[in-house]
Amino acid sequence: MKRTRLRVLALLALLGASCGWAIMSLGAQINGWPPAIALHGGIAAVVAALAILAFGYRVRRYQRDAKWVNPMRAALTVSAAQACSLTGALAAGAYLGALGFALTALGFALGALGSPFMISLRWNTGACALGCLAWMVAGLIVERWCIVDNSDDSSEPGAGATA
């Protein structure tokens, strides 16, 4: 299994940002106001980040204590960590695109930059973006924790593989 590349995460975040901006723009054109964003997405992202960190820590602890690691558990954990990092990048990009729209275009166009709805929208969107960034970072951390050193089995010294 190959490690997650930062270029892929950046492209997913850019794709998510463009979609987030487009959804907010479309909602503002149709309804006059952008769609409301609640904190549920950010809370769910933080819970998912904590869950993947808990599963990854178990694999790391077994490796560090030189105990036998169930290869299926390690493989499932690293797969889940990659999924978390990719999904977190996409969702964080979407929330950052929505935040960019809320901070720039709508405030200038409607003159409603200081309305309670817009203030709440900016805070909620920013908090959700931070939660999704934490989800992405947790996935990357757990992916690093699940690296298995195969230097004894390979001809190259220090060659490592992801579980």
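What comes next concerns the included structure. Remember, predicted model here, so these are calculated numbers, not experimental data.

Cut-offs applied
- Residues numbered from 1 in each chain as written.
- Predicted model: local features only at pLDDT ≥ 70, side-chain atom pairs only at ≥ 80, totals over all residues.
- Heavy atoms only, no water.
- Helix = DSSP H or I, 4+ residues; strand = E, 2+ residues; numbered from the N terminus.
- Buried < 20%, exposed > 50% of the residue type's maximum accessible area, 1.4 Å probe, protein only.
- Contact = heavy atoms within 4.5 Å.
- Areas by Shrake-Rupley, 256 points an atom, 1.4 Å probe, with all protein chains shown as cover.
- Patch = residues over 30% accessible without salt bridge, like charges linked within 9 Å, V, L, I, M, F, W, Y side chains within 5 Å.
- Salt bridge = Lys/Arg side-chain N within 4 Å of Asp/Glu carboxyl O.

Along the backbone of the protein there are five helices and two strands. Counting from the amino terminus, helix and strand elements in the protein follow one another as α-α-α-α-α-β-β. Taken over 163 residues, the protein has a buried fraction of 34%. Taking all contacts inside the protein whose residues are at least 6 apart in sequence as the whole, residues at least 24 apart take part in 76%. For the protein, the exposed area adds up to about 9,400 Å²; of that, 68% sits on carbon and sulfur atoms.

Positionally, T77 belongs in helix α3 (residues 71-103). Given a relative accessible area of 7%, T77 falls into the buried group. Once you skip the residues sitting within four places of it in the chain, T77 turns out to touch I52, F55, G56, V59, V142 and C146.

With that settled, consider a nonpolar patch on the surface. Together, L39, I43 and V47 give the surface a local cluster of nonpolar side chains, amounting to about 260 Å² of exposed area. With respect to the element layout, I43 can be found in helix α2 (residues 40-64). The exposed category is assigned to I43, whose relative accessible area is 52%.

Geometric values such as these leave the question of function open.
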